[in-house]
Amino acid sequence: MGPSAWGRPVLEPLEPLAPRAPQGTRKTRPRVTQCTEPLSIVFCAAEVAPWSKTGGLGDVMGALPQALAARGHRVTVVTARHTNGGADVARYDGAEGHAPAPRAASALAPCNALTPSPAAAAQVVPGGPLHIELGGGRQAVELHRLEADGVEWLFVDHPVFQRPGTPYGDANGPFEDNLFRFALLSLAALEAPLRIAASGGRSLGDDVTFIANDWHAALLPVFLRSRYQEGGAYRGATCALAIHNLAHQGVFPSHAFNGLSLPGGTYGLLEWRPPPGPGEDPNNHREATLNVLKGGVECADSLITVSQNYALEITSSPQPQGIHTLLAQRRALLRGIVNGIDTREWDPSSDPLIPANYSAQDLAGKAACKRALQRELRLEPDPRAPLVGFVGRLDHQKGPDLVLESLPALAALGCQVVMLGSGAPDYEAALQEATKTYGFFFRAVVGFSVPLAHRLMAGCDILLMPSRFEPCGLNQLYAMRYGTVPVAHATGGLADTIDDVSAFDGGEEGTGWTFSPATLDALAGAVAAAVRCYRSSPAAWGAVVRRGMAADHSWEGAAEQYEKVLLGAKERRLAAAV
Ligand SMILES: Nc1ncnc2c1ncn2[C@@H]1O[C@H](COP(=O)(O)OP(=O)(O)O[C@H]2O[C@H](CO)[C@@H](O)[C@H](O)[C@H]2O)[C@@H](O)[C@H]1O
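Rules of the game
- Residues numbered from 1 in each chain as written.
- Predicted model: local features only at pLDDT ≥ 70, side-chain atom pairs only at ≥ 80, totals over all residues.
- Heavy atoms only, no water.
- Domains from an automatic or database assignment.
- Contact = heavy atoms within 4.5 Å.
- Salt bridge = Lys/Arg side-chain N within 4 Å of Asp/Glu carboxyl O.
- Polar contact = N/O pair within 3.5 Å; in protein donor to acceptor, adjacent residues only side chain to side chain.
- Helix = DSSP H or I, 4+ residues; strand = E, 2+ residues; numbered from the N terminus.
- Pairing = 2+ DSSP bridges.
- Axes fitted to C-alpha atoms, helices over the stretch in contact; angles between N-to-C directions.

Trainee: Would you mind going over the domain arrangement of the protein in detail, with residue names and values included?
Mentor: According to the domain assignment, the protein consists of domain 1 (40-94 + 109-276 + 284-340 + 557-577) and domain 2 (364-553). Domain 1 and domain 2 are separated by 32 Å when their C-alpha centres are compared. Each side of the interface is counted separately: domain 1 has 23 residues, and domain 2 has 25 residues. Our count for the domain 1 to domain 2 interface comes out at 0 salt bridges. Taken together, the connections running from domain 1 to domain 2 amount to 9 residue pairs in polar contact (both at pLDDT 80 or more). Listing elements by their share of the side of domain 1 that touches domain 2, those giving two or more residues are α1 (56-61), α3 (91-96) and α8 (308-316).

Pasting the structure below:
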């Protein structure tokens, strides 16, 4: 491998990318040991549960920092203080009269329901606003600080984060100034530790370990090098880039570079001309764009993605913008680490958001949850009808169209089906339409409701995940913990985390059913296999349920793997400095 964009050699990793576990191999997590070399870790992310969750990134940011703090690291999370005042994402609970349970803020709908949440208790960091050079001017941002669960949470306040919608956009699409908004967030994450130390807080020192998440924070390593380290600050710092979803890369017209207040010499790091697609003229050079994620990939000291299988997929098969070619060149720095889940929030034995609690030893509560869900959705309260659920963004990635197309097949199997999701207006309309056509066994809830997501995980028998691609996926992990059996496309992290029952001889292993390719026939075939087991062999079904519930998907193992990657990058940095 040649020199990096910074003229430093790209060093070989500690271990090569592990190949995907073969079918019929149980996927288990390593146990953890305490870290003896504490790091100062600063996460930067666009969304964080419970304050601004819209999807899986928020879940990860709401739990991984605590897991690293529990291992003895000093952990800070920097995110935007999204205050938007809207209420649309909570409309299901409002309209249907299902008020969120009076619990932690995680029970609330996402960013549109910020009050009351721990953010309200965050204190403004003294010393006045930070002044950040960006977009041709000095931007004044205020930091709000909160310490909880052993983690320091910093919320960046600026007018661009105070508007209706999600952290990313509104009904009209992505916000037009997203490049500015997320550049500002990335710079604030670099400034924040300096301000906290200057205002009498703990100093993180010079060798901070930054973890930038997705394209929204991918300018952080670029700014770190060009605006800080070249000027003598953060000399020992490193930055890991965590890729949660390569489908979103932050692509803008190339002239947008001028608004980033970066030295002209860094343009090449962000410029990207997607290579010609298969069958296209190889001399057909596409127009240059500014690709923020590409800049992050070029500058990060290490790259992390959220499952081993996805790490292989994104370096070996064509990806949006053709970025797999660059990732393949940087493969030596890339690690796939399967996400964990917050086992305090997602615990059927204590979850206050579900009608009855239960455990693997006593599943009576799960049957009660199913009855309650059928009643709530006005489905026939038939305990023998396999209740199939889908929860997720209504996006091509998640395959909601495949679920809708499979409805006749699922009806023929005697299933009841419920979908909870929000997203693309066309899909939302299609879900509403299907409720009219298939009302005798199908219900759709269009909206974003964390409490309902919990009730679905507890009340369903099967969770259907026909994602066309899935970097990791969290819902299959929640489902297994709630004794709900996943039936999923064998892609990305779904293949890494679900042991396919049909791949094991004798049916005495496995935690779900997987299928490939992501077609209607394959999906229907896998659901049929699951339903056969459900109906014909309650003992075998119960064993699948219990194995899923027993699997360890806590964050501890993943945190240990993060730590290894971060320490490795630090060692390489030290070695390069000698
Ligand atoms: N309508 C709704 N109401 C309530 N809750 C809803 C909901 N729609 C989605 N959710 C919740 O949002 C989260 C989504 O998690 P996913 O793993 O599917 O993440 P997502 O695809 O957003 O993110 C990306 O990042 C994550 C984290 O790394 C990867 O797991 C994933 O593969 C990748 O695509 C889950 O907690 C889910 O229950």
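Trainee: Kindly report on the sheet that holds strand β18 (residues 442-446), identifying the contributing residues and their values.
Mentor: Pairing is parallel in the open sheet, where 6 strands are placed in the order β18-β17-β16-β19-β20-β21. Two strands in the sheet have a free side with no partner beyond their single neighbour: β18 and β21 (513-515). Within the sheet, the average angular offset between the axes of one strand and its neighbour, ignoring direction, is 20 degrees. Two elements, strand β16 (residues 387-394) and strand β19 (residues 462-465), share 2 bridges in a ladder whose sense is parallel. Bridging from a neighbouring strand, Val388 pairs with Ile462 of β19. Helix-sheet contacts for helix α13 (residues 425-437) involve β16, β17 (416-423) and β18, and the interaxial angle to β18 is about 145 degrees. Its contacts with the sheet put helix α17 (residues 520-536) on β19, β20 (485-489) and β21, and the angle it makes with β21 is roughly 165 degrees.

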